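Listed here are the chains, written in short residue letters.
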Amino acid sequence: MGKPGVDRTLSVLGIGLGVAVAAAAIVAALVMGTGFSLSTAASTSAVATPTRAAASAASADPQPTAEATPEPTPETVTVTVTVPVSSATTVGLADTGATPAASTPATSSVGTTPAATTPAATSSTTAAGAAAAPSAPRTPRTGNLFEGAYFSPYTAKKPSVGGVRLATLPDTPRLAMTGTFIVLDPGHNGVSDATIFARQVPMGGGKKKACNTSGTQTDSGYPEHAHNWDVVVNLAALLRERGATVILTRPNDASIGPCVDERAAIGNRARADLVVSVHADGNTARAARGFHIITSRSMAGGAAVTSKSLAMATTIRDEFAKGTGMPRSTYTGAGIAITRRTDIAGLNLSEVPAVMLEAGNMRNTGDAALLTSRTYRLKEAHALAAGIQKALGR
Ligand SMILES: [Zn+2]
């Protein structure tokens, strides 16, 4: 490991064209913003079985099987995709724990991944995918590709990297939201750990803040993260029914997901049409109630993205109020239930339109009664789906 990355790259490339192409495929998967979701050879034939299996495991199971599986080695995570035609592809991908920016040099990722250079080299369809990548590395892909939805087997101690892409099912007809990419961020994490509060990450404007916080809870102890997760799961289903491709920033409500800066990066890598972060507030003024939507005053995407986010927030606000009956915030948002802030990393760092919902005040008795109701949370999901669809002009 004394050699610099360039030397290592050259030696990898020197092995042969097949290996180089395979390396490019891994790189393409990273650059295309799939995080840990690997674009495998199975994609071109739209294999239904692994799609459903992976998607359902990622979306709905609150108690991931990952907990029961043995821990992988810290540096390498392996995912196996079985293709019905009796062939199987195993691809290793290094989990460095670092945030892989979209511009991360591909060579370093591949060079440090021992498993990546072996089995994938035999796949010709992987090469085809790699060939298409360099020309448009940041364009969201459309269609019914199986993206190999994958989530890390968390140890619940370390923030993860990457999103969970829930691809549309094969052979669905064109629907109202076909071709759209929506990133849904269920705020906070299923479990909390002091290390994530201590870890500092960029929040935009040259400043830093904690990787994440625990979130709030109702007086009776119903945690915000559970509310956020439940709303997002329902919302994801509704959007997918309408043809959208949905990407979640965390895979379950039983582990620690990515830091807030990485959540923004997930939306950026996907070139999402919209990122919606779902939260509920914890204002200690007990009489304070109502929902509001937060937007950033200055986003990485520039003035156009910032103003587009504000416009979308307005549309979503109206649909949310109409669909849920929740009043506008009485304690923030200047009566219009929209606040513009500078301290929200997930919004500041977004290169694509992004908004954050504060669904109500969990410390208010009236709001808490709603937010703890499963029926009401389904209402929230329906209202958000309507708002998102309208905001996208679909
Ligand atoms: Zn929150």
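Before any of the text, the structure's been laid out above.
The rules we used
- Residues numbered from 1 in each chain as written.
- Predicted model: local features only at pLDDT ≥ 70, side-chain atom pairs only at ≥ 80, totals over all residues.
- Heavy atoms only, no water.
- Helix = DSSP H or I, 4+ residues; strand = E, 2+ residues; numbered from the N terminus.
- Expected span 1.5 Å × (residues − 1).
- Buried < 20%, exposed > 50% of the residue type's maximum accessible area, 1.4 Å probe, protein only.
- Donors = N, O, S within 2.8 Å, 3.2 Å for Na, K, Ca; no water.
- Tetrahedral: all angles 85-135°; square planar, octahedral: opposite > 155°, others 65-115°.
- Disulfide = S-S within 2.5 Å.
- Core = buried A, V, L, I, M, F, W, Y, C linked by side-chain atoms within 4.5 Å.
- Contact = heavy atoms within 4.5 Å.
- Axes fitted to C-alpha atoms, helices over the stretch in contact; angles between N-to-C directions.
- Left-handed = near helix turned anticlockwise from the far one by under 90°.
- Nonpolar A, V, L, I, M, F, W, Y, C, P; charged D, E, K, R; others polar.
- Parallel < 35°, antiparallel > 145°, perpendicular 65-115°, else oblique.
- Salt bridge = Lys/Arg side-chain N within 4 Å of Asp/Glu carboxyl O.

So what's going on with helix α9 (residues 303–324)? Residues and values would help.
Between the first and last C-alpha of α9 there are 31 Å, a value that for 22 residues agrees with the 32 Å anticipated at 1.5 Å per step. Among the residues of α9, those classed as buried are V305, T306, S309, M312, A313, I316, R317, E319, F320 and T324. Positive phi shows up at G325, right after α9, with a value of about 80 degrees.

Please provide a residue-by-residue account of the coordination of the zinc ion, values included.
Within the protein, the atoms that donate to the zinc ion are H188 (NE2), E224 (OE), E224 (OE) and H279 (ND1), at distances of 2.1 to 2.8 Å. Here the zinc ion binds four donor atoms, and the angle range of 51 to 143 degrees at the metal identifies the geometry as irregular. A residue is classified by how much of its surface remains accessible, and H188, at 8% relative accessible area, is buried.

Now, about the state of the cysteines: what can you tell me, with residues and values included?
Counted according to the given criterion, the structure contains one disulfide. In this model, C211 is linked to C259 through a disulfide, with the two sulfur atoms separated by 2.2 Å. Between C211 and C259, the disulfide has an S-S torsion of -95 degrees and is therefore left-handed. Placement of the pair is C211 in the loop between β6 (207–210) and α7 (224–241) and C259 in the loop between β7 (245–248) and α8 (260–270), with a sequence separation of 48 residues. Accessibility classification places C211 together with C259 in one group, the buried group.

Give me the nonpolar core: which residues, what numbers.
Among the nonpolar cores identified, the biggest contains 43 residues, and I182, L184, L239, L248, F320 and I388 are the most heavily contacted of them. Elements that contribute at least two residues to this core include exactly β3 (164–166), β4 (181–186), α7, β7, β8 (274–281), α9, β11 (354–361) and α12 (374–391). Examining the composition of this core, we find that eight residues originate from one element, α7, more than from any other. Leave out the neighbours within four places in its chain, and I388 touches M177, I182, L184, L235, L239, L274, V276 and I316. Of all hydrophobic cores here, the second largest spans 15 residues; its members include V183, A270, I294 and M356.

Explain unusual backbone geometry residue by residue, including any values.
At R271, a residue that is not glycine, the phi angle is positive and equals roughly 50 degrees. The topology assignment puts R271 in the loop between α8 and β8. You will see that A334, though not glycine, has its phi angle at about 50 degrees, which is positive. Note on placement: A334 falls in the loop between α9 and β10 (338–341).

How would you explain α8 if you had to name every residue and give the values?
The buried fraction of α8 amounts to eleven of the eleven residues, a majority that puts the element mostly inside the structure. For α8, the full list of buried residues reads V260, D261, E262, R263, A264, A265, I266, G267, N268, R269 and A270. Where α8 ends, the next residue or the one after it, R271, has phi of about 50 degrees, a positive value.

Got a sec to walk through the packing of α9 against α12? Specific residues and values, please.
Running from N to C, α9 and α12 cross one another at 145 degrees; their axes reach a closest spacing of 8 Å. As α9 runs across α12, the sense of the crossing is right-handed. Contacts from M312, T315, I316, E319, F320, G323 and T324 in α9 reach Y376, K379, E380, A383, L384, A386, G387, I388, K390 and A391 in α12. Class assignment for the residues of the contact of α9 with α12 results in nine nonpolar, four polar and four charged.

Describe the packing of α7 against α12, listing the residues and the values that go with them.
Direction vectors running N to C along α7 and α12 enclose 50 degrees, while the axes themselves pass 8 Å from each other. On the basis of the axis angle, α7 is oblique to α12. For the crossing formed where α7 meets α12, the hand is right-handed. Across from H227, D230, V231, N234, L235, L238 and L239 in α7, the residues of α12 making contact are R374, R377, L378, E380, A381, H382, L384, A385 and I388.

Talk me through the pattern of salt bridges; I want residue IDs and the actual numbers.
Applying the stated criterion across every chain yields a total of 13 salt bridges. Across the salt bridge formed by E319 and K390, the nearest N and O atoms sit 3.3 Å from each other. Here E319 is found in helix α9, whereas its partner K390 is found in helix α12, with 71 residues between them in sequence.

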